[in-house]
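# Summary of the model geometry
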Amino acid sequence: MNGNTPYAGVPGKTQAGQRANADVPDLSPEQKQSLRESITDIASRTREFLPDEYVVGSKVADDGNGPQAQVSVQPPVGHPVSAGFSPSIDDFDGNDLDTHEEGEVARGLAASAAMQVKQMMGDNITPTAR
C-alpha cells in the first residue's frame, strides 16, 4: 500500500505530491555492467582472503528505490555479514563506476566474517600445535 502514496520513493528525497520515481537514478546498460563488475570484483577479492568454508555471494538489484548492490559472507559459524550500497549517477565517471574501494571493502568483509567465527568459538579452543 505504501507504494501508492505520493511519499513513496527514496527516503528523504521524494517530496510530498511529487512523482515517486522522479529522484531514482536510471543507469545506462554500460553503467549497470560496471556496477556488476565492481561487485563481482569485491566478491572475488573477499574469497581470496577467506578459506573455502566461508560462502561469499553478491547481487545487484534495481527496485523502486534505484540500483542496489550487495556482497554477503556466510561464515562456517556465526551470523552473516554484508556490505551494500546504492550508487547515484554522480558515482559514475561516464559509464564506469568510480569507487576504487573494492579492496578495502573486501578486506573489511573478510575481517568481519572472521570475527564472527572468533566470537562464536570463544577462547575454549585447544590449540592443535604450539
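Above: the structure in question.
So, here's what we can say about the structure. (Residues numbered from 1 in each chain as written. Predicted model: local features only at pLDDT ≥ 70, side-chain atom pairs only at ≥ 80, totals over all residues. Heavy atoms only, no water.)

## Section: the pairing of strand E1 (residues 55-63)
Using the following cut-off: Paired strands, in this sense, are two strands between which DSSP finds at least two bridges. Strands here are runs of E lasting at least two residues and helices are runs of H or I lasting at least four, both read from the DSSP assignment and numbered beginning at the N terminus.
As judged from the nine bridges shared by E1 and strand E2 (residues 66-74), these two strands associate in the antiparallel manner. Counted as the bridge partner of valine 56 is valine 73 from E2. Hairpin connection, E1 to E2: the antiparallel pair is bridged by two residues.

## What about the nonpolar core?
Let me state the cut-off plainly: Here, the term nonpolar core denotes a set of buried Ala, Val, Leu, Ile, Met, Phe, Trp, Tyr and Cys residues that are joined through side-chain atoms within 4.5 Å. Buried, partly exposed and exposed residues are distinguished by accessible area as a fraction of the type maximum, computed with a 1.4 Å probe on protein chains only: under 20%, between the cut-offs, and over 50%, respectively. Contacts between residues were defined by any pair of non-hydrogen atoms, one from each residue, lying within 4.5 Å.
By size, the foremost hydrophobic cluster in this structure holds 18 residues, and its most contacted members are Leu50, Val71 and Val73. When contributions to this core are tallied by element, the ones reaching two or more residues are helix H1 (29-49), E2 and helix H2 (102-121). Discounting residues that sit within four places of it in the chain, valine 71 has contacts with Ile39, Ile42, Ala43, Val56, Gly57, Ser58, Val81, Ser82, Ala83 and Leu109.

## Details of the sheet that holds strand E3 (residues 81-85)
What counts here: Only the stretch in contact is used when a helix axis is fitted, and all axes are lines through C-alpha atoms; the angle between N-to-C directions ranges over 0 to 180 degrees.
Reading across from one edge, E1-E2-E3 is the order of the three strands in this open sheet, with antiparallel pairing throughout. Both edges of this open sheet fall to E1 and E3, since each of them pairs with a single strand only. Taken over all neighbouring pairs, the strand axes of this sheet differ in orientation by 15° on average, direction set aside. Contacts from H1 reach E1, E2 and E3, with the element oriented near 165° to E1.

## So, H1
Rules: A helix's residues, less one, multiplied by 1.5 Å, set its expected span.
Here H1 contains 21 residues, and its C-alpha end-to-end distance of 31 Å stays within 8% of the 30 Å for a straight helix at 1.5 Å per residue. Every buried residue belonging to H1 is among Gln31, Ser34, Leu35, Ser38, Ile39, Ile42, Ala43 and Thr46, and all of these are buried. Looking at the buried side of H1, the elements it contacts are E1, E2, E3, strand E4 (92-93), strand E5 (96-97) and H2.

## Points about the packing of H1 against H2
In plain terms, the rule: Here the angle decides the label: under 35 degrees means roughly parallel, over 145 means roughly antiparallel, 65 to 115 means roughly perpendicular, and every other value means oblique. Here a crossing is taken to be left-handed if its near helix is turned anticlockwise relative to the far helix by less than a right angle, and right-handed if that turn runs clockwise. Gly is placed with the polar residues, together with every amino acid not listed as nonpolar (Ala, Val, Leu, Ile, Met, Phe, Trp, Tyr, Cys and Pro) or charged (Asp, Glu, Lys and Arg).
Where H1 contacts H2, the two axes come as close as 8 Å, and the packing angle between them is 45°. Taken together, the axes of H1 and H2 are oblique relative to one another. Once H1 is placed against H2, the crossing between them reads as right-handed. Contacts between H1 and H2 pair Ser38, Asp41, Ile42, Arg45, Thr46 and Phe49 from the former with Glu102, Gly103, Val105, Ala106, Arg107, Leu109 and Ala110 from the latter. Within the contact of H1 with H2, the residues separate by chemical class into six nonpolar, three polar and four charged.

So, to be careful, I would describe these as geometric facts and stop short of saying anything about function.
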